[in-house]
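# Observations on the model geometry
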Amino acid sequence: MTLQRQVGFWIGGLAVLALALYVLRGILLPFVAGLALAYFLDPFVSRLERLRVPRIVGALAVIGTFVVVFIVLMLLIVPVLATQLTAFVARLPSYVVQLQALATEQNREWLQRVLGDRLPDVSRSVAELVTQSTGWIASFVQQSLWAGGATFIYLFGLAVITPVVAFYLLKDWTRMMDKVDSWLPLPHKETILGLMREMNIAMAGFVRGQATVCLVLMIYYGMALSGAGLNFGLLIGLGTGFLSFIPYVGSITGLMFAAGVAIVQFWPDWTMVFVILAIFGIGVFFESYVLYPNLVGESVGLHPVWLMFALFAFGALFGFAGLMLAVPLAASIGVLTRFAIRQYLASPLYTGVTRPEPLGGPARPER
């Protein structure tokens, strides 16, 4: 089989897979979540297997422990977060109005010179816009997201199916990997296995490493902001850590919300505002120079801009399941792209050399 036919075969197979995923996107979430959970927990099961624990027993123990811990955390944290989220959305318009009032009062002369007589109209328009947008957010949170029995049934199905899928994948993980290896075309098996190892390193380095970073930052920001007495400190702290899955996006977003709430809450005490800013300064330093280099490293090769594009693109195509698939697919595409670039740089398309020359230089014609 020629190289062109092999490339066409694999491109056709990928196109069929992408089409199938798009058609079935409505039911993908529990299975994608189960696959992600199995990928996260496989190292623990493999470690138990090395200790001579049967794999089915190890998988059952790890999944059971995860489910129990998850349920306990949800029972402890979700009610508090739901209360804080509802109160935060309800008070957000007043926070913005107070911030606007503080800004205009402190800089009224300067703003008056810039805006002239339009200052009251601009202030009123901003307040109305914020009130309408936060009212829409509150309506979405209270009605669209949680109302209706269909949502409850869907979440219940997700909670039941995901652990079952993860258990069966963990139980048969080694056998599945061996079966996939046996299907690889023999002439290119080592190259494909090398690429798959690169993909695994990229996915494991980012997904597992960045998830650990997010967990540590959620604990740090949640405890630090709550300990500082910031209103909605737990909500803002956990949200900051969660959004840190994209480097620095969580810190910047959390800083904006925390600084705004702190100014309104502690005004005119600037000491507490600087305490909140110091908490984020320490968090950014800890994330950049301790957590990220040691837990994620530089071998991942996922640029933040590429990661954000992948999240938006796959989220638009496949919904929430696409968001879960975005990072591993982005890492895989990155590995394949780097491989294609290496092949191109070594090919005649780049070098312009169709065959290697002798070591002594071009061959001389015989006399």
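Here the structure is a predicted model, which means the values were calculated and not measured. Per chain, residue numbering runs from 1 following the sequence as it is written. With the structure being a predicted model, the display of local features is reserved for residues of pLDDT at least 70 and the display and counting of side-chain atom pairs for 80 or more, all residues being used for whole-chain, interface and lining totals. In computing side-chain properties, one takes all heavy atoms of the structure into account and sets aside hydrogens as well as water.

### Structural notes on the overall build of the chain
Using the following cut-off: Helix and strand definitions here come from DSSP, where helices need a minimum of 4 consecutive H or I residues and strands a minimum of 2 consecutive E residues; each element is numbered from the N-terminal end. Residue burial is assigned from relative accessible area. The probe radius is 1.4 Å, only protein chains are included, and a residue is buried under 20% of its type maximum, exposed over 50%, and partly exposed in between. Contacts are assigned to residue pairs with any non-hydrogen atoms lying within 4.5 Å of each other.
The secondary structure content of the chain amounts to 14 helices and zero strands. The order of α-helices and β-strands along the chain, N terminus first, is α-α-α-α-α-α-α-α-α-α-α-α-α-α. When burial is assessed residue by residue, the chain has 33% of its 367 residues classed as buried. Pairs at least 24 apart in sequence give 72% of the contacts found in the chain among residues at least 6 apart.

### Thoughts on helix α2 (residues 29–50)
Using the following cut-off: Multiplying 1.5 Å by the helix residue count minus one yields the expected span of that helix. Throughout, the bend at a residue refers to the angle made by two axes, fitted to the seven residues ending there and to the seven starting there.
Taking 1.5 Å of rise per residue, 22 residues should cover 32 Å, and α2 covers 32 Å from first to last C-alpha, within 8% of that figure. Along α2, the sharpest kink reaches roughly 45 degrees, centred on L41 and followed within four residues by the proline P43. Turning to α2, its buried residues are L29, P30, V32, A33, G34, L37, A38, Y39, L41, D42, V45 and S46. Just downstream of α2 lies R52, where phi reads positive at about 70 degrees.

### Some points on the packing of helix α8 (residues 189–227) against helix α9 (residues 233–243)
Selection criterion: Here an angle of 0 to 180 degrees is reported between the N-to-C directions of two axes, which are lines fitted to C-alpha atoms, with helices fitted over the stretch in contact. For this classification, under 35 degrees means roughly parallel, over 145 means roughly antiparallel, 65 to 115 means roughly perpendicular, and everything else is oblique. Definitions for this section: a left-handed crossing has its near helix turned counterclockwise from the far helix by less than a right angle. A right-handed crossing has that turn clockwise. Each residue gets one label: Ala, Val, Leu, Ile, Met, Phe, Trp, Tyr, Cys and Pro are nonpolar, Asp, Glu, Lys and Arg are charged, and the others, such as Gly, are polar.
Two elements in contact, α8 and α9, have axes whose closest approach is 7 Å; the angle formed by their N-to-C orientations is 160 degrees. With respect to their mutual orientation, α8 and α9 come out roughly antiparallel. The two elements α8 and α9 meet at a crossing, and its hand is right-handed. Every residue of α9 that contacts α8 at C214, L217, M218, Y221, G222, L225 and S226 is listed here: G233, L234, I236, G237, L238, T240, G241 and F242. Here the contact of α8 with α9 is built from residues that sort into nine nonpolar, six polar and no charged.

### Considering the confidence of the model for the chain
Note the cut-off: pLDDT gives the predictor's per-residue confidence on a scale running from 0 to 100.
When the pLDDT values of the chain are averaged, the result is 76; 77% of them are 70 or greater. Across the chain, element-level confidence peaks in α9 with a mean pLDDT of 89 and bottoms out in helix α4 (residues 108–115) with 49. Considering only residues more than four positions removed or in separate chains, one finds that residues 144–149, a stretch of pLDDT under 50, has six contacts.

### What to know about the packing of aromatic side chains
Aromatic rings considered in pairs are described by the distance between their centres and by the relative angle of their planes. Heads up, the rule is: Paired rings are identified among Phe, Tyr and Trp, the last through its six-membered ring, by centres lying within 6.5 Å, and are further divided according to the angle between planes into stacked (under 30 degrees), edge-to-face (over 60) and tilted (the rest).
Under the defined criterion, the tally for this structure stands at nine aromatic pairs. With a centroid separation of 5.4 Å and an interplanar angle of 65 degrees, the aromatic rings of F167 and Y168 are classed as edge-to-face. A ring pair is formed by W270 and F274, whose centres lie 6.2 Å apart and whose planes are at 40 degrees; its orientation type is tilted. Of this pair, W270 and F274 both sit in helix α11 (residues 270–296), separated by four residues, roughly a single helical turn. A relative accessible area of 40% means that W270 is categorised as partly exposed. Residue classification places F274 among the exposed positions, given a relative accessible area of 51%. Linked through ring pairs, F88, F232 and F257 together constitute an aromatic cluster.

### A word on the nonpolar core
Applicable threshold: Definition of nonpolar core: a set of buried residues of the types Ala, Val, Leu, Ile, Met, Phe, Trp, Tyr and Cys, connected through side-chain atoms within 4.5 Å.
Counting 23 residues, the largest nonpolar core has L225, L230, I236, I276 and I279 as its most contacted members. Listing elements by their share of this core, those giving two or more residues are α3 (55–106), α8, α9, α10 (249–266) and α11. V45, V62, A166 and L195 belong to the second-largest nonpolar core, a separate cluster that totals 21 residues.

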